[in-house]
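Residue-level structural notes
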Amino acid sequence: MSLSNDNDPKAVGRGSAGRRPSSPPIQLATVHACRTTSEADYLLEEPGRGYVYQRDGHPNADDLARSCAELHGGEEASITSSGMAALASVVLAHLTQGDHVVASEQLYGKTFSLLESEGARFGIECTRTDINDLETFRSAFRPNTKLVVIETISNPQLRVAQIDALARISREAGALLLVDNTFATPAVCQPLTLGADLVMESLTKLMNGHGDVTLGCVVGAAAVMSRMHDVVTTWGLGADPFSCWLAGRGLKTLSLRVEQANRTALQVAEFLDSQAAVTQVDFPGLVSHPDHDLAKRILRETTLDARNSASLFGNMVTFRLAGGEQSADRLFASTDIPFFPSLGDTSTSFSHPVSTSHRRIAPEMRQRLGIDGGTVRLSVGIESSEWVIQALGKGLVALDD
Ligand SMILES: *Cc1c(COP(=O)(O)O)cnc(C)c1O
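The present account deals with the structure reproduced in this document. (Residues numbered from 1 in each chain as written. Predicted model: local features only at pLDDT ≥ 70, side-chain atom pairs only at ≥ 80, totals over all residues. Heavy atoms only, no water.)

Within the protein one finds 14 helices and 11 strands. Scaling as 2.2 N^0.38, a compact globule of 401 residues should have a C-alpha radius of gyration of about 21 Å, and the protein matches this with 23 Å. Principal axes of the C-alpha set define a box for the protein whose edges measure 75 × 65 × 40 Å. Out of the 401 residues belonging to the protein, those deemed buried represent 52%. The long-range fraction of contacts in the protein, counting pairs at least 24 apart against all pairs at least 6 apart in sequence, stands at 71%. Surface summary for the protein: the accessible area is close to 19100 Å², and the carbon and sulfur share equals 50%. Charge-centre separation for the protein: the mean point of 35 positive side chains lies 3 Å from the mean point of 47 negative side chains. (Helix = DSSP H or I, 4+ residues; strand = E, 2+ residues; numbered from the N terminus. Rg over C-alpha atoms; globule rule 2.2 N^0.38 Å. Buried < 20%, exposed > 50% of the residue type's maximum accessible area, 1.4 Å probe, protein only. Contact = heavy atoms within 4.5 Å. Areas by Shrake-Rupley, 256 points an atom, 1.4 Å probe, with all protein chains shown as cover. Lys, Arg positive; Asp, Glu negative; His and termini not counted. Charge placed at Lys NZ, Arg CZ, Asp CG, Glu CD.)

Right under this line is the structure:
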């Protein structure tokens, strides 16, 4: 068989032009040259015509945005410098003075700070409500409600949101529903397919999954995302190329990491539930969890092993130690599992809501959430389930000493 000239292996030379690299280049340039004044004028006229200035858009952010949009089945995505910047961009794009927000009473602490303290400075009002009770939720709306903010899986009780029903009620009231899907990721839940208008994630957590990037994303239909580019570039909320490249690499293993961690989390929850030192376990995969049946509807099944399909219930497990804060400290000191006030890394880690995420929550609310000094939150990683259970067992044994 003779090769045509195009296929002559010696004809390709030493460059790589036109040949596909196994990994996209990282493009750190802050600016791309314009060849003529009319070209500059054309490129700057509207977004998407070509890269000029990094804050207005760069290839690594666009690659990552395409991946996030695809994972969620959404038309458009924006990448931001953090999860908080993602929330800020939605608020800035969709709210104005005199608007009202309905927020779940179980949200990330800084989300409340943004919607309530910062929001109030711009004349935006916010009402917290119990989203697991649809009548209570409905009664929180006002004629000027423009935005609803909920989380797919809440922290630390791991309550699951009835996204489809909440989306219907929000739409009837003329408000947009934003779902913070950080604890689930699109490997476990795709809120847009359940009727949400916008979904955001802190890519810092499970999406990147390797504990080395701070980023956020927002995904939605083109019409809902139309002001996003202007807001992100004008307020300077965009992301840097290297972080985007790293997160793109992390996303390649998202479903593998998430499904492994979710399977282990179920085994870990069952193990903890059988321990004398543990008085309560909150995990949507346990039949004792108030949202167990709902979780099976809202959260996806694993797609890795079609013969053994099983529901995914997330990688987070919250449990309460009988001995309070002292026991929590003792547990942390007696295992190889680190205490990181974050989540979603490849390695399993503990957090302690009362001293970290829920430091500023009023005592009555802590009581309603069922958390005290003995409440420990576990972010299950991708180690073997045997390793995680053994590490936890070692720590729990130390509580008896
Ligand atoms: C971490 C987190 C955020 C904020 O994300 P950053 O990337 O830290 O800004 C928002 N929501 C939830 C649920 C989070 O866990």
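Counting 81 residues, the largest nonpolar core has Ile-79, Leu-272 and Phe-319 as its most contacted members. Counting residues per element, this core draws most heavily on helix α10 (residues 254-273), at seven residues. Not counting residues within four places of it along the chain, the set of residues in contact with Phe-319 comprises Leu-272, Val-278, Gln-280, Val-281, Leu-331, Phe-350, Gly-374, Thr-375, Val-376 and Leu-378. Grouped together as the second largest cluster of nonpolar side chains are 29 residues, Leu-95, Leu-107, Val-149 and Met-200 included. (Core = buried A, V, L, I, M, F, W, Y, C linked by side-chain atoms within 4.5 Å.)

The environment of the ligand is made up of 13 residues, and the closest members are Gly-83, Asp-180, Ser-202, Thr-204 and Lys-205. The side chain of Asp-180 places a nitrogen or oxygen atom 2.6 Å from a nitrogen atom of the ligand. The side chain of Ser-202 places a nitrogen or oxygen atom 2.8 Å from an oxygen atom of the ligand. In isolation the ligand exposes 380 Å². Once the protein is present, 92% of that is buried. Broken down by secondary-structure element, the contributors of at least two residues to the shell around the ligand are α3 (83-94) and α7 (203-207). Within the shell around the ligand, the residues separate by chemical class into five nonpolar, five polar and three charged. (Near = heavy atom within 4 Å. Polar contact = N/O pair within 3.5 Å; in protein donor to acceptor, adjacent residues only side chain to side chain. Nonpolar A, V, L, I, M, F, W, Y, C, P; charged D, E, K, R; others polar.)

Packed helix pairs are characterised by how far apart their axes lie and by the angle those axes make with each other. Axis separation between helix α2 (residues 59-72) and helix α9 (residues 241-251) bottoms out at 8 Å; the angle between their running directions is 35°. When the axes of α2 and α9 are compared, the crossing they make is left-handed. Across from Asn-60, Ala-61, Leu-64, Ser-67, Cys-68 and Leu-71 in α2, the residues of α9 making contact are Pro-241, Cys-244, Trp-245, Ala-247, Gly-248 and Leu-251. (Axes fitted to C-alpha atoms, helices over the stretch in contact; angles between N-to-C directions. Left-handed = near helix turned anticlockwise from the far one by under 90°.)

Quick look at the sheet that holds strand β3 (residues 125-129) now. An order of β1-β7-β6-β5-β4-β2-β3 is seen for the seven strands of this open sheet, with the pairing classed as mixed. Looking at the sheet topology across the chains shown, the edges are occupied by β1 (76-80) and β3. The average angle at which neighbouring strand axes cross in this sheet is 20°, direction not considered. As defined by bridge partners, β1 adjoins strand β7 (residues 216-220) across five bridges and the pair is classed as antiparallel. What sits directly across from Glu-76, in β7, is Gly-220. Contacts from helix α4 (residues 109-121) reach β2 (100-104), β3 and β4 (145-151), with the element oriented near 140° to β3. (Pairing = 2+ DSSP bridges.)

So, on to the packing of α10 against helix α14 (residues 385-398). Following both chains from N to C, one finds α10 and α14 inclined at 30°, their axes separated by 9 Å at the closest point. With respect to each other, α10 and α14 are oriented roughly parallel. Viewed along their axes, α10 and α14 form a crossing whose handedness is right-handed. In this structure, α10 contributes Thr-264, Gln-267, Val-268, Phe-271 and Leu-272 to the contact, and α14 contributes Ser-385, Val-388, Ile-389, Leu-392, Gly-393 and Leu-396. Among the residues forming the contact of α10 with α14, the class breakdown is seven nonpolar, four polar and no charged. (Parallel < 35°, antiparallel > 145°, perpendicular 65-115°, else oblique.)

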